[in-house]
Amino acid sequence: MIARVRAGEPEAYAELVHAFTGVALRAAVALGAGADAEDVVQQSFFKAYCSLGRFRDGSAFRPWLLKIVANETRNTVRTAGRQRSVAGREAAMVEADPLIPETADPAVAAVEIERRSELLRALERLSEEHRLVVTYRYLLEMDESETAQALGWPRGTVKSRLNRALRKLGQLLPAGQEPASVPTQRLGKGGDKRGRATR
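Below you will find a few notes about this structure. (Residues numbered from 1 in each chain as written. Predicted model: local features only at pLDDT ≥ 70, side-chain atom pairs only at ≥ 80, totals over all residues. Heavy atoms only, no water.)

### Quick notes on the environment of Leu-123
Heads up, the rule is: Under the DSSP-based scheme used, a helix requires at least four consecutive residues in state H or I and a strand at least two consecutive residues in state E, with every element numbered from the N terminus. Burial classes follow relative accessibility: with a 1.4 Å probe on protein chains only, a residue under 20% of its type's maximum area counts as buried, one over 50% as exposed, and anything between as partly exposed. Only heavy atoms matter for contacts: two residues are in contact if any of them lie within 4.5 Å across the pair.
Along the chain, Leu-123 turns up in helix 6 (residues 106–124). Look at Leu-123 and you get buried, because its relative accessible area is 4%. Considering only alpha carbons, one finds Leu-123 and Val-134, 11 residues apart in sequence, at a separation of 8.3 Å. With sequence-adjacent residues up to four places away left out, Leu-123 is seen in contact with Arg-131, Val-134, Leu-139 and Leu-169.

Here it is in structure tokens:
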């Protein structure tokens, strides 16, 4: 699709926007854009379009786009001079992408919601670099290589910071919650063969 856009088919960019709007919106919300998330995503897609000439052939589009989303979110939050509260951020994340099926047992759903709240409160207490690596790797379900590309870090740095972040989360979360499996389980996500936690 990028090749088609570069070849003079701007309508092909609409397909990219359609394919990646969901993850871009989740990223903006998770990183603190709050009510400005849609504006952040729109601006990010515009900046990405203007920068397609610098996009490296063979690279993955998603981490490249999410790096732009992260920068745009940071600028928006800084300009607004505020950071979303944990409760507000969680509500926005649930609205952007429901994480618990409506058919779920109400008691199970209540437990999952509480665990997600605990995770988000713990994430707020991490340093920015640790919060970012956990957000990209687990909340946005990016693999190690994509996370490295999105953050502009070497893969070894991603791995070491993620390990430290998970240890810190383990210290911040209530007793009995194992940090290695917290991120995806607490958000109600399933697992796959790329090393993500499973239910």
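This is not the end of the story, as more comes after the structure.
### A word on the pattern of salt bridges
Note the cut-off: Any carboxyl oxygen of Asp or Glu within 4 Å of a side-chain nitrogen of Lys or Arg constitutes a salt bridge here.
In total, this model carries 8 salt bridges according to the counting rule given. The partner of Glu-146 in a salt bridge is Arg-62, and the shortest N-O contact between them spans 2.6 Å. Here the residue Glu-146 occupies a position in helix 8 (residues 144–151), and Arg-62 occupies one in helix 4 (residues 61–80), the gap between them amounting to 84 residues. The pair formed by Glu-146 and Arg-62 is uniform in burial state, with each residue classed as buried. Among the salt bridges present, the one from Arg-74 reaches Glu-128, with a minimum N-O distance of 3.3 Å. Taken as a pair, Arg-74 in helix 4 and Glu-128 in helix 7 (residues 128–139) lie far apart in primary sequence, 54 residues in all. One network of salt bridges, in which partners are shared, links Arg-4, Glu-9 and Glu-15.

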